[in-house]
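One letter stands for each residue in the lines below.
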Amino acid sequence: MPGPHRSLVRRLVVTFLLPILAVLALGASVGYVGATAALRASVFERLDAIAIVKQSAFEAWVDQLYDEVRLLSELPEARELARELAAEDPATRRQTALERLSALLALALERTPGFSEVFFLSAGGGRVEVSTEAGGAWSEAELQEPVLPKAFTRFRMPWRWDGSATTLASRC
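Presented here is an overview of the structure given in this document.

Here is what the cut-offs are and how they apply
- Residues numbered from 1 in each chain as written.
- Predicted model: local features only at pLDDT ≥ 70, side-chain atom pairs only at ≥ 80, totals over all residues.
- Heavy atoms only, no water.
- Helix = DSSP H or I, 4+ residues; strand = E, 2+ residues; numbered from the N terminus.
- Buried < 20%, exposed > 50% of the residue type's maximum accessible area, 1.4 Å probe, protein only.
- Areas by Shrake-Rupley, 256 points an atom, 1.4 Å probe, with all protein chains shown as cover.
- Phe/Tyr/Trp six-rings, centres within 6.5 Å; stacked < 30°, edge-to-face > 60°.
- Arc of directions from axis to C-beta.
- Polar contact = N/O pair within 3.5 Å; in protein donor to acceptor, adjacent residues only side chain to side chain.
- Contact = heavy atoms within 4.5 Å.
- Pairing = 2+ DSSP bridges.

## Describing the overall build of the protein
When its secondary structure is counted, the protein shows three helices and six strands. Seen in sequence order, the protein has helices and strands lined up from the N terminus as α-α-α-β-β-β-β-β-β. Within the protein, buried positions represent 16% of all 172 residues. Accessible surface, the protein: about 12900 Å² in total, of which carbon and sulfur atoms supply 63%.

Here it is, written out as structure tokens:
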């Protein structure tokens, strides 16, 4: 038969152990919820920082392309040829202007770095194919890091433009 001391010890253990376990469980729950919220906030802060960096890099890239196109368009010969193309002159004169403008752009292509690749943006990432023949033939483009879901992904395709009229197309 259990003695009075065992019963007393049992009651003391139950009396003190249950509240301690309850406080520990409550503390663990509060800690888990707080840590989860802090981790989520940290992840979103990092994603925002990455988005800002990528946005500024993208804007710098667009500015660089804009400057390259602006420099080409400011060439006096390119302006004159563009005016001739827009004029309502005989087709032979327009064809001559187109050929001269194509030769000028081909020369710029050979001498200017950055014109040998075509850059695009893909809304979904994944596999991207590009055509320089209006969809006649397709080749896979190279995706640039980072490739993230639900974010624009930059991709590129090495290409030598011969100066002739071209229709570019891409598909995911």
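On we go from here.
## Overview of the packing of aromatic side chains
As enumerated under the stated definition, the model contains one aromatic pair in all. An angle of 45 degrees between the planes, with centres 5.6 Å apart, marks the rings of Phe58 and Trp61 as tilted. Separated by three residues within a single helix, Phe58 and Trp61 lie in helix H1 (residues 4-73), roughly one turn from each other.

## Remarks on helix H2 (residues 76-86)
Restricting attention to buried positions, one finds in H2 the residues Ala78, Leu81 and Glu84. Around the axis of H2, the buried residues are gathered within 125 degrees of arc, so they sit on the same side. Facing away from the buried surface of H2 by more than 90 degrees, the exposed residues are Pro76, Arg83 and Ala86.

## Let's talk about the side chain of Ser131
With respect to the helices and strands, Ser131 occurs in strand E2 (residues 129-131). A relative accessible area of 0% places Ser131 in the buried class. One polar contact links the side chain of Ser131 to the main-chain carbonyl oxygen of Ala137, over a distance of 2.9 Å. Contact partners of Ser131, with chain neighbours within four places excluded, come to Gly136, Ala137, Trp138, Thr167, Leu168 and Ala169.

## Side note on the environment of Ala78
If you trace the backbone, Ala78 turns up in helix H2. Sequence-distant contacts of Ala78, that is, excluding residues within four places in its chain, are made with Leu72, Leu101 and Leu104.

## Some details on the sheet that holds strand E3 (residues 139-140)
Within the open sheet, the three strands sit side by side as E3-E2-E6. Their pairing is antiparallel. For this open sheet the edge positions go to E3 and strand E6 (169-171), each flanked by a neighbour on one side alone. Here three bridges tie E2 to E6, and the two strands are oriented antiparallel to one another. From the neighbouring strand, Val130 faces E6, where its bridge partner is Ser170.

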